[in-house]
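Secondary and tertiary structure notes
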Amino acid sequence: MAETLHMSGIDIRNAQKIESAQLIIRGQPPYNIPPCGESAFRELFNPALQLSSRELCSLIMTQRGFLGLRKTEETILIESHQVLSKLRDFKYHLPHRRFSIVLDFVPSGVATGVTRRGGPSTIPTTQSGSNELLTPTSDGQLIPTTEELLRQCPQFRILVMGKSGVGKTTLINRTFGINEASPEHEKRGIADINKELTSEMNARFILHDSKGFEPGENDNLATVKQFIDRRKNHPEIKEQLHAVWLCFQIPLVSHGQRMMETGMEQFLREKRKILGNVPTVFVFTKYDTLTEIIESNWVDQQRDYSDKDVEVEAKKYLLSHCVTPIQNLTSERDFPYIAVSTKIRYKTKLTDLVDMTHDKVTEHSETQQGTGPSPVPTVTAMAQRVSPQMKIDELIRVGKRRYWRAVIAGADFPGLKIQDCLGVIHTDIVNVWNFRNPSEQLDRDFREGMLGLVGLLDDPSGAQPHPPRRSDTMDAMENEAGLSLVVLFPLIAGVAVVKWAYNTYCRVPEVQRKFMAYIVDLTHVLDILFTLTAGKGEQALTPRIMQCAIELYRESSRSTYVHEKIKNFPVSIFSNSGIISEVECLVRERYIQDDRLRHEVERVSKDRGGR
């Protein structure tokens, strides 16, 4: 007898240049998947779509034509028997070389209770059948989802391998926002792979460094093997090795350079046995040197060229002098690799590196046996400090796992104050962003400022904000750092404005709208704060820079758009999971959709960099 699947949603990301997406199920009309933010498509199915285990459906991705050329289509098959064999936590990651495609499913008992938008809905349960929306402690306090994950695994543990001089130190510092956990510490080239290198600038990160395999150090290979074997088989997930970066400087063959030493060649021959399925990425460093040489040669030849020409030529070089030698040594045709540079011109390369690492970590975690979702992908997203989009994607996953769904359920908030319910949502979002926050500024006065910002939903004036001026932003930053946000920002954080937050939660649209606004407003403000602080020495947060982020957002047309959209949602949306889809779309759009706000944030960020 064929087993039935119930598909409740589809999430497509990294869909650059894609104009439309359609889900095709035999015997049914096509399902158009609406866009949700930049290069993303998302849809929830109410009721859930029924698929037989023998059913074959497909996803059609239409790519827009270039300069009026014909559009192209790609058909991606979805085989139900493959979904059944690899389903984890009611999610299936559809393999694809370009796109990130996740299919959401619900148990059959839940699927039959779900109706279309406007009708009653059923909140999915866990595989054990228990409702995990909210789990108060014995004293009635709610436990943030991220705190439960961090108890299991508080830090992302990575091994970085490569000989001295390949650029490991700068790579680590830029990617994780530190300047202390230097791999090449003490004397140049000295490294103890067993030593845990940490930094107070990033509490979610542990580094292990291997100096490579220098000539005459035959025992180093054995030491590395023992370390990896011990870590990859450790029973506690927090002690396991979560990822490995194998770093190689791109060799300049015209200068007689070699990419690796003999010891590394031996390691790569045994790679599969040594590393097993530990998520591993090959990192080719100093990409800028290669492109500069290519451009210099072409200038000498008086050749016309574009940036794209340089990129294509560099790719050919990498395939010939970096990828092919590794393929020959490992006998692996397909492995994750990326060429990077820490120069500002190539900053997107670091984003691509952390995206690739997170993808491999996520794939690995889905193959592990456990009682619930692995904490490692979440901690990986927390630790990195180059991709705000990854943090947004992860906070959405964390929110949808429990507390965002509680906004629909309502009954799971009995007798609790609104501020307590918002508190766990606030903590989860703040934890994912992982700012350097030693004085817990984001957990005290800042929360009051955010409550006041959300309270502006009740402003009957509907007045459009004036564009932010220099005095609104830079003057705020020049106040004394010791002042609290409540003092710096009295009009927003006033007691009268946040009075609504001290009421007892009740499941009515007016309250649910404020929950939606709080999630979107807080994410946008922290996104702005990330832009203002990332790469600025990772200084500790101060009230003045936090006020600056709130001011920039409050005075923008983006905040007006968000609040007006939420105020105009029909009442029917608050009775089913459509509310979560709407929140997700607003969050994914990011503040950069507002060009004026984006330019103002960039200007303030540059001013801070020069101070």
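Residues numbered from 1 in each chain as written. Predicted model: local features only at pLDDT ≥ 70, side-chain atom pairs only at ≥ 80, totals over all residues. Heavy atoms only, no water.

To continue, consider the packing of helix α11 (residues 376-383) against helix α12 (residues 388-401). Helix-helix packing is characterised by the crossing angle of the two axes and by the distance between the axes. At a minimum axis separation of 9 Å, α11 and α12 run at an interaxial angle of 145 degrees. Between α11 and α12 lies a crossing of left-handed hand. Residues P377, T378, A381 and M382 of α11 form the contact with α12, whose own contacting residues are M390, K391, E394, V398 and R401. Tallied by class, the residues present in the contact of α11 with α12 amount to 5 nonpolar, 1 polar and 3 charged. (Axes fitted to C-alpha atoms, helices over the stretch in contact; angles between N-to-C directions. Helix = DSSP H or I, 4+ residues; strand = E, 2+ residues; numbered from the N terminus. Left-handed = near helix turned anticlockwise from the far one by under 90°. Contact = heavy atoms within 4.5 Å. Nonpolar A, V, L, I, M, F, W, Y, C, P; charged D, E, K, R; others polar.)

With that settled, consider the nonpolar core. Within the largest apolar cluster, 98 residues are counted, with the highest numbers of intra-cluster contacts made by W245 and L526. By residue number, the principal contributor to this core is helix α19 (residues 509-533), which donates 14 residues. Counting residues domain by domain, this core receives three or more from each of domain 2 (145-382) and domain 3 (387-459 + 491-608). Sequence-distant contacts of W245, defined by excluding residues within four places in its chain, comprise I158, L159, V160, M161, L171, I172, T175, F176, V281, V283, L353 and T357. If you look at the next biggest cluster of nonpolar residues, it comprises 38 residues, including L159, M260, W298 and A314. (Core = buried A, V, L, I, M, F, W, Y, C linked by side-chain atoms within 4.5 Å. Buried < 20%, exposed > 50% of the residue type's maximum accessible area, 1.4 Å probe, protein only. Domains from an automatic or database assignment.)

All right, on to helix α15 (residues 445-455) then. With 9 of 11 residues buried, α15 lies mostly within the body of the structure. Buried within α15 we find F446, E448, G449, M450, L451, G452, L453, V454 and G455.

Next up on the list: the side chain of T362. As for its placement among the helices and strands, T362 is situated in helix α10 (residues 347-366). T362 gets classed as buried once you look at its relative accessible area, which sits at 15%. In this view, T362 contacts H93 and P377; residues no more than four positions away in its chain are not counted.

So, on to the confidence of the model for the protein. For the protein, the average pLDDT comes to 81, and 79% of its residues sit at 70 or higher. Of the regions scoring below 50 in pLDDT, residues 109-134 engages in 58 contacts with residues more than four places distant in sequence or in other chains. Long-range and interchain partners of residues 476-497, a stretch whose pLDDT sits below 50, account for 47 contacts in this model, where long-range means more than four residues apart. (pLDDT = per-residue confidence, 0-100.)

The next point concerns the sheet that holds strand β13 (residues 280-285). Pairing within the open sheet is mixed, and its 6 strands lie in the order β10-β11-β9-β12-β13-β14. A strand with exactly one partner marks an edge of an open sheet, and here the two such strands are β10 (197-199) and β14 (337-339). Within the sheet, the average angular offset between the axes of one strand and its neighbour, ignoring direction, is 25 degrees. The pairing of strand β12 (residues 243-249) with β13 spans 6 bridges and is classified as parallel. Note that in β13 the partner of C247 across the bridge is V283. (Pairing = 2+ DSSP bridges.)

A separate point is a positive patch on the surface. Taken together, the side chains of K17, R64, R98, K308 and K315 present a region of like positive charge at the surface. Looking at where K17 falls in the secondary structure, it is placed in the loop between β1 (4-13) and β2 (18-25). (Patch = residues over 30% accessible without salt bridge, like charges linked within 9 Å, V, L, I, M, F, W, Y side chains within 5 Å. Areas by Shrake-Rupley, 256 points an atom, 1.4 Å probe, with all protein chains shown as cover. Salt bridge = Lys/Arg side-chain N within 4 Å of Asp/Glu carboxyl O. Lys, Arg positive; Asp, Glu negative; His and termini not counted. Charge placed at Lys NZ, Arg CZ, Asp CG, Glu CD.)

So, on to the packing of α12 against helix α14 (residues 418-433). Across the interface, α12 lies against α14 with an axial gap of 9 Å and an inter-helix angle of 150 degrees. Taken together, the axis directions place α12 and α14 in an arrangement best described as roughly antiparallel. Taken as a pair, α12 and α14 cross one another with a handedness that is right-handed. In this structure, α12 contributes P388, K391, I392, E394, L395 and V398 to the contact, and α14 contributes D428, I429, V432 and W433. (Parallel < 35°, antiparallel > 145°, perpendicular 65-115°, else oblique.)

Counted under the stated rule, the structure contains 35 salt bridges. Of the charged contacts in the structure, one is a salt bridge between R157 and E196, with a shortest N-O distance of 2.9 Å. Of this pair, R157 sits in strand β9 (residues 156-161) while E196 sits in the loop between α4 (168-176) and β10, placing them 39 residues apart in sequence. Note on R157: relative accessible area 2%, which makes it buried. Here E196 falls in the partly exposed class, since its relative accessible area comes to 38%. We note a salt bridge from R231 to E239, for which the minimum N-O separation is 2.8 Å. Of the residues examined, R231 reaches a relative accessible area of 11% and is grouped as buried. Residue classification places E239 among the partly exposed residues on the basis of a relative accessible area of 22%.

In this section: the environment of N173. Within the element layout of this structure, N173 appears in helix α4. Remark: the alpha-carbon pair of N173 and R385, spanning 212 residues in sequence, is separated by 9.6 Å. Those residues in contact with N173, other than ones at most four positions away along the chain, are I178 and N179.

Counted according to the given criterion, the structure contains 12 aromatic pairs. Seen in terms of ring centroids, F176 and F205 are 4.2 Å apart; in terms of plane orientation they differ by 25 degrees. Their pairing is stacked. A residue pair is termed long-range when its members are at least 10 positions apart, and F176 in helix α4 and F205 in strand β11 (residues 202-210) qualify at 29 residues. Look at F205 and you get buried, because its relative accessible area is 0%. Ring plane angle 85 degrees and centroid distance 5.3 Å describe the contact between Y287 and Y346, whose orientation is recorded as edge-to-face. With a gap of 59 residues between them, Y287 in helix α8 (residues 287-300) and Y346 in the loop between β14 and α10 connect regions that are remote in the sequence. The rings of F248, F282, F284, F335 and Y337 are connected pair by pair, giving a single aromatic cluster. Over the aromatic face of W298 sits the side chain of R303, whose NZ or CZ is 3.9 Å from the ring centroid. The ring of Y287 carries the charged tip of K349 above its face, separated from the ring centre by 4.6 Å. (Phe/Tyr/Trp six-rings, centres within 6.5 Å; stacked < 30°, edge-to-face > 60°. Lys NZ or Arg CZ within 6 Å of the ring centre and 35° of its normal.)

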